[in-house]
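# Commentary on secondary and tertiary structure
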Amino acid sequence: MSATTNPTTARADRVADALRERDLHALLVTDLPNVRWLTGFTGSNAAAVVATDGTRRFVTDFRYLTQAADQLDDFWAREISTDLLEGVVKQLPDEGDLRVGFDDANMSVRDHGKLTRLLRDGIELVAAGGAIEDLRVVKDPEELDKIRAAAKLADEALSDVLTRGLAGRTERDVALDLEFTMRRMGAEGVSFPPIVASGAHGALPHAEPRDVEIPEGTLVVVDWGAQLDGYASDCTRTFATGELDPRDREVYELVRHAQEEALEALRPGPTGREVDAIAREIIDAAGHAEHFGHGLGHGVGLEVHEGPRLSRQGETALAAGMVVTVEPGVYVPGEHGVRIEDLVVVTSDGCDILSSLPKSLTVVG
C-alpha cells in the first residue's frame, strides 16, 4: 500500500515529533485502537514501535502475515513473533541509553513486569499514556469521511426502523431491529448496544432495553451508533408516541434549547468545560440541576468514547478537526428522561453537525 493512499506515514511522523517533545527515544504501541490508527492494521493481535531515529516496526503473529502485508504501508518493517512483547523489544536498538515510552493507561501490571524483565540494561521504561490518544483527538480528512459515513448509515437505519412504529413494540424488539438494520445496511457492528427506553425507564441514562411494550402517549429515548470501516458514530433522539403530558413536552423543549445553545458555542478555542457550562446553566436555571449528571459530550473516532471531554473536567481547548457529541439530558426518576445528541465536527469557524434527523419533537406511533 502506498503512502499516497494511506495516511499512516504522516501519523508516524507526528508520533515521532511528540516523542521528541517528551524527551523519549521510542514508543511501544500495544493498545489495538492506537495500533490501528498508527498502522492501518485491523487484526486482533499486534504491536508497533516508533522511534525518533526513523524506526517504524510492526509486530504480529503468523495468522496475520498476509493481512499485515496487505494493510500496512511499505515503510513499516513487519515482523512475526509468537510473543508480542518479545517481538517489540527485539526491535529496539541493542546499544546505548534509551528512554522508551509505554502505554501505562492500558498495559496490565503483568505485562509491565514482563516488559521490564525483557529490556536490556540502559533502557529506561517511561509511562507515556496518552501520547497517541492526544494526537487522535484531531481527525484527518480520511477519518472525518469515515465518521460521516457511519453517521449517515446510522441515521438511515433508524429512519427505516421508525417506519415500523414504536408504540406496541417492546423496547428490546426495537433495539434488535435497529442493530440488525444497521448491519444489513453495511455496518461492521454497533458502536454500543442500542438504548431504547420509554417513559420512566428513560430516566436511566444507560437504560437497557426491556421486554416491555412501549405505550402510547410517552417519551422514548433512542441512543444508537454504527461502526463502519473502524469508525464509530453516536446519536440520540427522544420521540413521542402520542399526545404527551405537558411536563414531558416542557422538559423536551428545555433540553432542545440547551443543546442548541451549546452547539452555537462549539468552535475552536473554548474548553470542553466552558461549552458544558453553557448547556448546564440553562438546565440548572430551570430547576433540573440534579437531573443532568453526566457530561455534555465526548470525542468519537475509532472508539465511541475518546477525547476530548465536554464536561466539568474538560480542560482541553477545542480545535478544528475534533469530533464530539453534544448531548444534554434531563432524567427525572420515576417520571421521564430526555436526551438529544448530535455528532459534530469542530470546524475552523464553528461546527458541522453530522446527525441529520430532526430535533423538533417527532411523534412516532
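Below, the structure is looked at part by part.

The next point concerns the overall build of the protein. When helices and strands are tallied, the protein shows ten helices and 19 strands. Against the globule reference of 21 Å for 365 residues, the protein gives a C-alpha radius of gyration of 23 Å, in line with a compact fold. Considering only C-alpha atoms, the protein reaches an extent of 75 × 40 × 40 Å along its principal axes. For the protein, with 365 residues in total, the buried portion stands at 54%. Of the contacts formed within the protein by residues at least 6 apart in sequence, a portion of 68% connects residues at least 24 apart.

Remark: helix 9 (residues 246–265) packs on helix 10 (residues 272–285), axes separated minimally by 8 Å, with the N-to-C direction vectors making an angle of 155 degrees. Taken as axis vectors, helix 9 and helix 10 run roughly antiparallel relative to one another. As for how helix 9 packs across helix 10, the hand of that crossing is right-handed. Contacts from Leu254, His257, Ala258, Glu261, Ala262 and Ala265 of helix 9 reach helix 10 at Val275, Ile278, Ala279, Ile282 and Ile283. Broken down by class, the residue content of the contact of helix 9 with helix 10 amounts to nine nonpolar, one polar and one charged.

Here we take up the pattern of salt bridges. The full count for this structure, using the stated rule, is 33 salt bridges. Taking the shortest distance from any N to any O, the salt bridge between Glu142 and Arg11 comes out at 3.7 Å. Taken together, the positions of Glu142 in helix 7 (residues 141–162) and Arg11 in helix 1 (residues 8–21) put the pair 131 residues apart, joining distant regions of the chain. By relative accessible area, Glu142 is classed as partly exposed at 30%. Across the pair Glu156 and Lys152 runs a salt bridge whose closest N-O atoms are separated by 2.6 Å. Of this pair, Glu156 and Lys152 are both found in helix 7, four residues apart, which corresponds to roughly one turn of the helix. Judged by relative accessible area, Glu156 falls into the partly exposed class, the value being 38%.

With that out of the way, let us pick up the layout of surface pockets. There is about 340 Å³ of room inside the largest pocket. If you go around the largest pocket, you meet 21 residues; those closest to its centre are Pro205, His206, Asp223, His305 and Glu327. For the lining of the largest pocket, a count of residues per class yields nine nonpolar, six polar and six charged.

Reading the values: the criteria
- Residues numbered from 1 in each chain as written.
- Predicted model: local features only at pLDDT ≥ 70, side-chain atom pairs only at ≥ 80, totals over all residues.
- Heavy atoms only, no water.
- Helix = DSSP H or I, 4+ residues; strand = E, 2+ residues; numbered from the N terminus.
- Rg over C-alpha atoms; globule rule 2.2 N^0.38 Å.
- Buried < 20%, exposed > 50% of the residue type's maximum accessible area, 1.4 Å probe, protein only.
- Contact = heavy atoms within 4.5 Å.
- Axes fitted to C-alpha atoms, helices over the stretch in contact; angles between N-to-C directions.
- Parallel < 35°, antiparallel > 145°, perpendicular 65-115°, else oblique.
- Left-handed = near helix turned anticlockwise from the far one by under 90°.
- Nonpolar A, V, L, I, M, F, W, Y, C, P; charged D, E, K, R; others polar.
- Salt bridge = Lys/Arg side-chain N within 4 Å of Asp/Glu carboxyl O.
- 1 Å grid on protein atoms, 1.4 Å probe; cavity = no way out; pocket = protein on both sides within 12 Å on 5 of 7 lines; lining within 4 Å.
- Points joined across faces, edges and corners; volume = space filled by probe spheres on them.

These values are about where atoms sit, not about what they do.
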